[in-house]
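Results of the structural survey
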Amino acid sequence: MPKTRTALPWLLLAAAAVWCVVRGILAYTSGLPSGGDTAVYQGGAATLLHGLPLYDADFLDAEPDFAKLPFTYAPFAAVLFIPMVLVPSQVAWGVLNAISLVAVALVGWLVLRRVETRPRWLAPSWGGVAAALLMTFTQPLSVTLEYGQINAVLMMFVAVDVLVVCGSAGRARYGGGVLVGVAAATKLTPLIFVVHLLLVGRRADAARAAGTFAGLQCLMLLIAPHDTVRFWTRTVFDSSRIGPTEWAWNQSVGGLLRRLNDGAAWSQPVAYGIGALLAAGAIVLVLRYHRAGQPVPALLVSAFLALLVSPVSWIHHWVWAVPLVLVLLARRKVVAAVVTVLVFALRPVDAPGPGEHPGLWETGYTFVLGNAYVLFAIAFGVVLLVRGRDRTRRPEVRLAR
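Residues numbered from 1 in each chain as written. Predicted model: local features only at pLDDT ≥ 70, side-chain atom pairs only at ≥ 80, totals over all residues. Heavy atoms only, no water.

**Things to note about the overall build of the chain**
If you tally the helices and strands in the chain, you get 18 helices and 0 strands. In terms of its C-alpha atoms, the chain occupies a principal-axis envelope of roughly 60 × 55 × 40 Å. Burial status across the chain gives 53% buried among its 401 residues. When the accessible surface of the chain is totalled, it reaches about 18,000 Å², and 68% of it is carbon and sulfur. Here the chain contributes 32 positive and 19 negative side-chain charges, whose respective centroids are spaced 20 Å apart. (Helix = DSSP H or I, 4+ residues; strand = E, 2+ residues; numbered from the N terminus. Buried < 20%, exposed > 50% of the residue type's maximum accessible area, 1.4 Å probe, protein only. Areas by Shrake-Rupley, 256 points an atom, 1.4 Å probe, with all protein chains shown as cover. Lys, Arg positive; Asp, Glu negative; His and termini not counted. Charge placed at Lys NZ, Arg CZ, Asp CG, Glu CD.)

In structure tokens form, the structure reads like this:
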């Protein structure tokens, strides 16, 4: 009977994953335009296989008609999606959604096994699966699944690497940092976790992460030299390919400033300056949590810092809200967990943009809604900083794992 109870959450997760694949098949057979971002990933993989350029045009010929968008990701992202070219884009969307749900559940399971304490009712298996299934109504995870994004998978790469492969007790483990390097080679933002590994004393793992990232760039230089050179000399600096970064879809400090100043050229440099101040506070928190033997909060601080300081952090990038809720529940901070869920259930894109309704943007409600994730993350970090060291001391009793 206990084995049955232990297996039940994973059976529910498997059923949900199967439904994702079935839904993708139904979308294909019905001709529904589902999973636009997955189609772009898949189109990039097909383009790479055919030896055609990834970044020379505004869209790829291999993309379906409902997803004619520019390929904006690093060249290695196309390699990662090569297996997806075997199926239609809608089916690939369903498969990626299934993988994403499993990834979120796995991250939740890891987080609950690595926290210093938790209530007995919050078992890692049930907690992880419940987070994956119930948090789908929050915007980061909902949009990730709707568009067929890869953010949950990259979060899983980082969490597995930092919390399991690298460990947290100073033990050298073979392969630590490799998954972080792979994640960073797919989307550049995870490069911040190289710095995180350095901060927590994992120098060899940080070196492997950086080496993996650099090695994959060299690999792409051999496989697709034109695309690799173009990406690193032009595309990576061309924000016009990404989309309007002043939209509320972009929940970063830079996005907030561009919304306030109608996309002024000085917005991003000022955002970097603010980011430097935020980074200083984040370093204090990471070191504080690391010294207290709390690797999960330390990891989350780095993750949210990356979201704040990145020039572009779309709503679906904020999937790190899911493990944050689990950590708060594990610490019996139920009110804080509920507030976090409510914040990330908000749709910042519902706030009218500057100029759409003169005078409305200046109201407090509109400003808060349009920048909800940014404001929440900054306020949460400030609260953590002022709490003091006594709340982060190493616990005397740890759960058996």
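We are not done yet, so read on.
**Here's the deal with the pattern of salt bridges**
Evaluation of the coordinates by the stated rule reveals 5 salt bridges. Of the charged contacts in the structure, one is a salt bridge between Arg202 and Asp205, with a shortest N-O distance of 2.8 Å. You'll find Arg202 and Asp205 in the same group, each marked buried. Close ionic contact of Arg208 with Asp205 constitutes a salt bridge, the shortest N to O distance being 2.6 Å. Highlighted residues: Arg208 and Asp205, both in helix α10 (residues 203–223), separated by 3 residues, approximately one helical turn. (Salt bridge = Lys/Arg side-chain N within 4 Å of Asp/Glu carboxyl O.)

**So, helix α11 (residues 225–233)**
Among the residues making up α11, those that are buried are Asp227, Thr228, Arg230 and Phe231. Buried residues along α11 sit in contact with α3 (75–80) and α10. (Contact = heavy atoms within 4.5 Å.)

**Let's talk about the nonpolar core**
Ranked by size, the top nonpolar core spans 111 residues in total, and within it Phe71, Val111, Phe193, Phe304, Trp318, Trp320 and Phe344 carry the most contacts. Non-local contacts of Trp318, meaning those with residues more than four positions away in its chain, are made with Pro140, Gln251, Phe304, Leu307, Leu308, Ser313, Phe344, Tyr373, Val374 and Ala377. (Core = buried A, V, L, I, M, F, W, Y, C linked by side-chain atoms within 4.5 Å.)

**A few points about the environment of Ala132**
Note that Ala132 resides in helix α5 (residues 124–134). Judged by its relative accessible area of 0%, Ala132 is buried. Ala132 sits 196 residues away from Leu328 along the chain, and the two C-alpha atoms are 16 Å apart.

**Considering the packing of helix α9 (residues 192–199) against α10**
With their axes 7 Å apart at the nearest point, α9 and α10 run at an angle of 165 degrees to one another. The orientation of α9 with respect to α10, classified from their angle, is roughly antiparallel. For the crossing formed where α9 meets α10, the hand is left-handed. Residues Val194, Leu197 and Leu198 of α9 form the contact with α10, whose own contacting residues are Arg203, Asp205, Ala206, Ala209 and Ala210. (Axes fitted to C-alpha atoms, helices over the stretch in contact; angles between N-to-C directions. Parallel < 35°, antiparallel > 145°, perpendicular 65-115°, else oblique. Left-handed = near helix turned anticlockwise from the far one by under 90°.)

**With respect to α10**
Here α10 contains 21 residues, and its C-alpha end-to-end distance of 30 Å stays within 8% of the 30 Å for a straight helix at 1.5 Å per residue. Burial in α10 covers these residues: Asp205, Ala206, Ala209, Thr212, Phe213, Leu216, Gln217 and Met220. End-on view of α10: buried residues confined to an arc of 130 degrees, all on one side of the axis. Residues of α10 that are exposed and angled more than 90 degrees away from the buried face: Arg203 and Leu222. Buried-residue contacts for α10 involve α2 (36–49), α3, α8 (178–186), α9 and α11. (Expected span 1.5 Å × (residues − 1). Arc of directions from axis to C-beta.)

**So, the side chain of Asn151**
By the element assignment, Asn151 lies in helix α7 (residues 151–165). Relative accessible area serves as the criterion here: at 7%, Asn151 is assigned to the buried category. In terms of polar contacts, Asn151 uses its side chain to reach the side chain of His316, at 3.0 Å. If we ignore the near neighbours within four places in the chain, the residues touching Asn151 are Thr144, Lys187, His316, His317 and Val319. (Polar contact = N/O pair within 3.5 Å; in protein donor to acceptor, adjacent residues only side chain to side chain.)

**What about the packing of aromatic side chains?**
What characterises a pair of aromatic rings is the spacing of the ring centres plus the angle enclosed by the ring planes. Taken as a whole, this structure holds 15 aromatic pairs when the rule is applied. Taking the centre distance of 4.6 Å and the plane angle of 35 degrees together, the rings of Tyr41 and Tyr73 count as tilted. With Tyr41 in helix α2 and Tyr73 in the loop between α2 and α3, the pair connects residues that are 32 residues apart, well separated along the chain. Centroid distance Trp318 to Phe344: 6.0 Å. Interplanar angle 35 degrees. Geometry classified as tilted. Taken together, the residues span a long stretch of sequence, with Trp318 in the loop between α14 (295–309) and α15 (321–330) and Phe344 in helix α16 (residues 334–345) at a distance of 26 residues. Judged on exposure class, the residue Trp318 and its partner Phe344 are both buried. (Phe/Tyr/Trp six-rings, centres within 6.5 Å; stacked < 30°, edge-to-face > 60°.)

**Notes on the packing of helix α4 (residues 89–114) against α15**
Across the interface, α4 lies against α15 with an axial gap of 10 Å and an inter-helix angle of 30 degrees. Accordingly, the angle class assigned to the pair α4 and α15 is roughly parallel. The way α4 lies across α15 gives a crossing that is right-handed. Each of Val104, Val107, Gly108, Val111 and Leu112 in α4 lies in contact with α15, whose residues at this interface are Val322, Pro323, Leu326, Val327 and Ala330. By residue class, the composition of the contact of α4 with α15 is 9 nonpolar, 1 polar and no charged. (Nonpolar A, V, L, I, M, F, W, Y, C, P; charged D, E, K, R; others polar.)

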